[in-house]
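Below are the chains, spelled out letter by letter.
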Amino acid sequence: MEQSERLGFVLEGGAMRGLYTAGVLDVFLENGIRADGVIGVSAGTIHGVSYVSGQHGRSIRYYEKYRRDKRFMGLYPLLTTGDIVDKTFCYEEIPWRLDPFDNDAFVKAGIPFYVTCTNVETGRPEYIRLTDFQGTDAMEYLRAGASMPLVSRIVEVGGKKLLDGGVADSIPLAAFRRMGYGKNIVVLTRAAGYRKRPASLLPFRLVYRQYPALVQAMARRHERYNRELQDVECGAADGSVLLLRPSRDLAVSRTEHSVKKLRQLYELGRSDTLARLGEIKRFCSG
C-alpha cells in the first residue's frame, strides 16, 4: 500500500469529553472500519486501545460503572496519591481485573498504535508506539500521555519525564502525516467554532520552575492548537481528512461527574458517526 493511501485515525484528548470518541470508535467496530494506524492524545489513547483490541462498548461500560467510585478521578485520589486519577485503580485493577483489557487481541490486530506524550525537560512531543501491554512499559506510557499537568505527578518511564501529550501536540495530524498516513480520520472532542485561549501561566511557573521548556510549551499551546485545528479544517476541505466532532456542545467538563451526561456524549458520538456512515465508508475505501 502506498503511503498516500494509508488510513490513520487521529484522536484528540479532553479527559471526560473523550466519551464522544468512544462512541465514534464503537460505530467503527460495528461496521468493520479498520485503521492502518492510530495515534491518540490523552483520553484519545485510552479509548483507542479498546478500539484496537476490538472491545466494543468497553469504554462506556466501565466509565458508567466506576465514574462514581472516589478512586476513579477527583479530589480524593489527588490528595491521597498526588494524581487526580488513582494509578492503581485505573491502570491496574480496572484493565487487568475488573474489566479486563484484551491484550492478546490488541497484539494480534497488528495496528500500529501511538501514544502522544510531552517530554517535560524538552517541552516537545514524544510519539511512542505501543505494541504489547504485557511485560512492557506500555501501560506507564499510556498513563503518562493522559497525566494532566498540575493535577498529576510527572511519570518517569523509559529514561524520560513525561506528562499529557496535549501540552505539546493536541492534534497530531502533522506527525501522523510524517509517519506516512496520507489520509486521516480526525476525531475532535470540541464542537465547531471552538478556539483555545491562552492559559494562566502562574501556576505552571510555580509548579514547574525546574522545567522551563514545559512552561514555554504551555505558553504556546493555544497558538499551536489553533494552527493545528486550522490544518485539520483545511484537510477536511481538500478531502485528505475526514473530520468528526460533536455536532452540538453538551457542556461536558474535563472532570465531568454526571454519568448521564457522559452517556449522552457517547451517544452523540454514535449518532454523529452513523449519520455520516456512508461518507466515512467512501473515504476509507477511496
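Residues numbered from 1 in each chain as written. Predicted model: local features only at pLDDT ≥ 70, side-chain atom pairs only at ≥ 80, totals over all residues. Heavy atoms only, no water.

Draft legend 1. Just helix 2 (residues 43-52), in detail. Burial of helix 2 is extensive: 10 of the 10 residues sit out of reach of the surface. All buried positions along helix 2 are accounted for by A43, G44, T45, I46, H47, G48, V49, S50, Y51 and V52. Positive backbone phi, at 75 degrees, marks G54, one or two positions downstream of helix 2. (Buried < 20%, exposed > 50% of the residue type's maximum accessible area, 1.4 Å probe, protein only. Helix = DSSP H or I, 4+ residues; strand = E, 2+ residues; numbered from the N terminus.)

Draft legend 2. Quick look at empty space enclosed by the protein. Following the criterion strictly, the structure yields two cavities of 30 Å³ or more and no others. Along the wall of the largest cavity there are 28 residues; nearest its centre are I46, Y63, V85, C90 and Y91. Elements with a minimum of two residues in the lining of the largest cavity: helix 2, helix 3 (58-66), helix 5 (87-98) and helix 7 (138-145). The biggest single contributor to the lining of the largest cavity is helix 5, with five residues. Its residues assigned to classes, the lining of the largest cavity shows 21 nonpolar, three polar and four charged. Each pocket or cavity is described by its volume, and for the second largest cavity that value is around 50 Å³. A22, L25, D26, H47, S50, Y51, Q55 and S59 together form the lining of the second largest cavity. Among the secondary structure elements, those contributing two or more residues to the lining of the second largest cavity are helix 1 (19-30) and helix 2. Residues that form the lining of the second largest cavity fall into these classes: three nonpolar, four polar and one charged. (1 Å grid on protein atoms, 1.4 Å probe; cavity = no way out; pocket = protein on both sides within 12 Å on 5 of 7 lines; lining within 4 Å. Points joined across faces, edges and corners; volume = space filled by probe spheres on them. Nonpolar A, V, L, I, M, F, W, Y, C, P; charged D, E, K, R; others polar.)

Draft legend 3. Local environment of the nonpolar core. With 62 residues, the main nonpolar core has F9, F28, F72 and I185 as its most contacted residues. At seven residues, helix 1 tops the list of elements feeding residues into this core. Discounting chain neighbours no more than four positions away, the residues touching F28 are F9, I33, Y51, I185, L244, T273 and I280. With 14 residues, the next largest nonpolar core counts I39, I171, L173 and L188 among its residues. (Core = buried A, V, L, I, M, F, W, Y, C linked by side-chain atoms within 4.5 Å. Contact = heavy atoms within 4.5 Å.)

Draft legend 4. Inspection of the layout of surface pockets at higher detail. The space that makes up the largest pocket amounts to roughly 460 Å³. Lining the largest pocket are 27 residues, and of these R17, K196, M218, R221 and R254 lie nearest its centre. Counting residues per element, the lining of the largest pocket draws most heavily on helix 10 (residues 212-238), which supplies four residues. For the lining of the largest pocket, the class distribution of residues is 12 nonpolar, seven polar and eight charged. Each pocket or cavity is described by its volume, and for the second largest pocket that value is around 240 Å³. In terms of lining residues, the second largest pocket is bounded by 18 residues, among which P125, A168, D169, R224 and E228 are the most central. Contributions of two or more residues to the lining of the second largest pocket are made by strand 4 (125-129), helix 8 (173-178) and helix 10. Considering every element that reaches the lining of the second largest pocket, the biggest residue donor is helix 10, with six residues.

Draft legend 5. Region of interest: the packing of helix 1 against helix 11 (residues 259-275). Look at helix 1 against helix 11: their axes get within 7 Å of each other, and the N-to-C directions meet at 45 degrees. Taken together, the axes of helix 1 and helix 11 lie oblique to each other. Along this stretch, helix 1 crosses helix 11, giving a crossing that reads as right-handed. Where helix 1 approaches helix 11, its residues L19, Y20, A22, G23, V24, D26, V27, F28 and E30 are matched on the opposing element by L262, L265, Y266, L268, G269, R270, D272, T273 and L274. Here the contact of helix 1 with helix 11 is composed, by residue class, of 11 nonpolar, three polar and four charged. (Axes fitted to C-alpha atoms, helices over the stretch in contact; angles between N-to-C directions. Parallel < 35°, antiparallel > 145°, perpendicular 65-115°, else oblique. Left-handed = near helix turned anticlockwise from the far one by under 90°.)

Draft legend 6. A look at the pairing of strand 4. Here strand 4 shows a buried face lined by E126 and I128 and an unburied face lined by P125, Y127 and R129. Across five bridges, the pairing between strand 3 (residues 113-119) and strand 4 is antiparallel. Counterpart to V115 in the pairing with strand 4 is I128. Between the antiparallel neighbours strand 3 and strand 4 lie five residues, among them G123 with a positive phi of about 75 degrees. (Pairing = 2+ DSSP bridges.)

Draft legend 7. Seen up close, the packing of aromatic side chains. Counting across every chain of the model gives 14 aromatic pairs. Summarising the aromatic geometry, the rings of F9 and Y51 are spaced 5.4 Å apart at their centres and angled 50 degrees between planes, so their arrangement reads as tilted. Note that F9 is positioned in strand 1 (residues 7-11) and Y51 in helix 2, a separation of 42 residues in sequence. Pair check on accessibility: F9 and Y51 agree, each one buried. Put simply, the rings of W96, F101, F106, F113 and F133 pair up and form one aromatic cluster. Over the ring of Y181 we find R6; its NZ or CZ atom is 4.1 Å from the centre of that ring. Sitting over the face of the ring of Y76, K70 holds its NZ or CZ atom 4.3 Å from the ring centroid. (Phe/Tyr/Trp six-rings, centres within 6.5 Å; stacked < 30°, edge-to-face > 60°. Lys NZ or Arg CZ within 6 Å of the ring centre and 35° of its normal.)

Purely spatial values, then, with no claim about function.
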